[in-house]
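Descriptive analysis of the structure
Below are the chains, spelled out letter by letter.
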Amino acid sequence: MGEVSNNLKKVRKIIKDTCESAGRNENEVTLVAVSKTKPNEMIMEAYNEGVRDFGENYVQELVEKMESLPKDIRWHMIGHLQRNKVKYIVGKVKLIHSIDSVRLAAEINKEAEKLGIIQDILLEINMGREETKFGIMEEDAMDIVKEIAEFPHVRIMGLMTSAPYVVDSDENLKIFHKIMGLAVDIKNENVDNVYMGVMSMGMSQDFVAAIKEGSTMIRVGSLIFGQRNYNK
Ligand SMILES: *Cc1c(COP(=O)(O)O)cnc(C)c1O
């Protein structure tokens, strides 16, 4: 058995155990395998283990992989997205996790309209208020949700966050708890065209804490594919 298969088995076991002890059904949690910088062979190893959701950060890399890998893969754009790159991925990816402005959503709406489709998106919230991270501040979220909800060709499916770097997963419990609360507040506004069913939170370092707090989509890279080397 290859390294990726082995790692995947371990991650799936942790997901299962965490769901069990949290009283959740493991089917509520989608594992998105984050394959940025990793070669197609490794992606295929995960694919052959049944993984169909893959996350990428860079548009060019995403498009290249999309063209050469099986068509039943559901691609997730999880990295910062520039408006001039939107046209390359709208209608091709299952979900764009990283919407951090009304202008970006407007651009996606425009491209989706051309294609006659509705693009599913998540709003990225900078829950840890980190200057180095992208994302909307909690206090701005409601207004931005209402503005984006007016666009007929995008659909807000939920929220996404990248929590601060921690050594122990549980250090981020509070952050995840807070964003779940924000999702409840947004849901209670009953805005048309806005759903809060998808909560994309939890990475290799803290997906256990995220599942405990109610994550429905975890984005796990290095625990499955190994550490990334950006200097190649
Ligand atoms: C790279 C990345 C991940 C995966 O991180 P790991 O620590 O390797 O699990 C998850 N989410 C986002 C937004 C990322 O950029």
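Data block above holds the structure.
Residues numbered from 1 in each chain as written. Predicted model: local features only at pLDDT ≥ 70, side-chain atom pairs only at ≥ 80, totals over all residues. Heavy atoms only, no water.

**What about the overall build of the protein chain?**
Scanning the protein chain from N- to C-terminus turns up 8 helices and 8 strands. Taking 232 residues into account, the globule formula puts the C-alpha radius of gyration at 17 Å, and the protein chain, at 17 Å, falls close to it. Across its three principal directions, the C-alpha atoms of the protein chain cover 50 × 40 × 35 Å. Put simply, of all contacts in the protein chain between residues at least 6 apart along the chain, 60% involve residues at least 24 apart. Carbon and sulfur atoms provide 48% of the accessible area of the protein chain, an area that totals close to 11,400 Å². Seen as two clouds, the 31 positive and the 36 negative side-chain charges of the protein chain have centres 4 Å apart. (Helix = DSSP H or I, 4+ residues; strand = E, 2+ residues; numbered from the N terminus. Rg over C-alpha atoms; globule rule 2.2 N^0.38 Å. Contact = heavy atoms within 4.5 Å. Areas by Shrake-Rupley, 256 points an atom, 1.4 Å probe, with all protein chains shown as cover. Lys, Arg positive; Asp, Glu negative; His and termini not counted. Charge placed at Lys NZ, Arg CZ, Asp CG, Glu CD.)

**Topic: a negative patch on the surface**
Together, Asp140, Asp143, Glu147 and Glu150 make up a negatively charged patch on the protein surface. Note that glutamate 150 resides in the loop between helix H5 (141-148) and strand E6 (154-161). (Patch = residues over 30% accessible without salt bridge, like charges linked within 9 Å, V, L, I, M, F, W, Y side chains within 5 Å. Salt bridge = Lys/Arg side-chain N within 4 Å of Asp/Glu carboxyl O.)

**Let's talk about the environment of isoleucine 156**
Mapping isoleucine 156 onto the fold places it in strand E6. Relative accessible area serves as the criterion here: at 0%, isoleucine 156 is assigned to the buried category. Each C-alpha atom of the pair isoleucine 156 and valine 198 lies 9.2 Å from the other, and the pair is 42 residues apart in sequence. (Buried < 20%, exposed > 50% of the residue type's maximum accessible area, 1.4 Å probe, protein only.)

**Things to note about the pattern of salt bridges**
Using the criterion set out here, one finds 14 salt bridges in the structure. With its nearest N and O atoms 2.8 Å apart, the salt bridge here joins glutamate 56 to lysine 65. A relative accessible area of 0% places glutamate 56 in the buried class. A salt bridge links glutamate 107 to lysine 110, with the shortest nitrogen-to-oxygen separation between them at 3.5 Å. Highlighted residues: glutamate 107 and lysine 110, both in helix H4 (residues 102-115), separated by 3 residues, approximately one helical turn. Connected via shared salt-bridge partners are Glu56, Glu61 and Lys65.

**Brief notes about the pairing of strand E7 (residues 194-201)**
Regular strands place their side chains on alternate faces of the sheet. Of all 8 residues in E7, 6 are buried, a share of seventy percent or more. In the sheet, E6 pairs with E7 via 5 bridges, with the strands oriented parallel. Its bridge partner being in E7, leucine 159 is matched across the sheet by methionine 199. A crossover connection joins E6 to the parallel E7 through helix H6 (residues 173-188); in handedness this β-α-β unit is right-handed. (Pairing = 2+ DSSP bridges. Right-handed = clockwise from strand over helix to strand, strands pointing away.)

**Topic: the pairing of strand E4 (residues 95-99)**
When you tally the buried positions in E4, you get 5 out of 5 residues, the bulk of the element. Summarising the sheet, strand E3 (residues 74-77) and E4 pair through 2 bridges and their orientation is parallel. When the sheet's bridge partners are listed, methionine 77 is paired in E4 with isoleucine 96. As judged from the 2 bridges shared by E4 and strand E5 (residues 119-124), these two strands associate in the parallel manner. Bridged to isoleucine 99 within E5 is leucine 123. Once you follow E4 into H4 and on to E5, the crossover reads as right-handed.

**Section: the site of the ligand**
Taken together, 13 residues form the shell around the ligand, and within it Lys36, Asn57, Ser204, Ser222 and Arg228 come nearest. Take arginine 219: an N or O atom from its side chain is 2.9 Å from a nitrogen atom of the ligand. Considering the ligand on its own, with 390 Å² of exposed area, one finds that the protein chains cover 87% of that surface. Here the shell around the ligand is built from residues that sort into 5 nonpolar, 5 polar and 3 charged. (Near = heavy atom within 4 Å. Polar contact = N/O pair within 3.5 Å; in protein donor to acceptor, adjacent residues only side chain to side chain. Nonpolar A, V, L, I, M, F, W, Y, C, P; charged D, E, K, R; others polar.)

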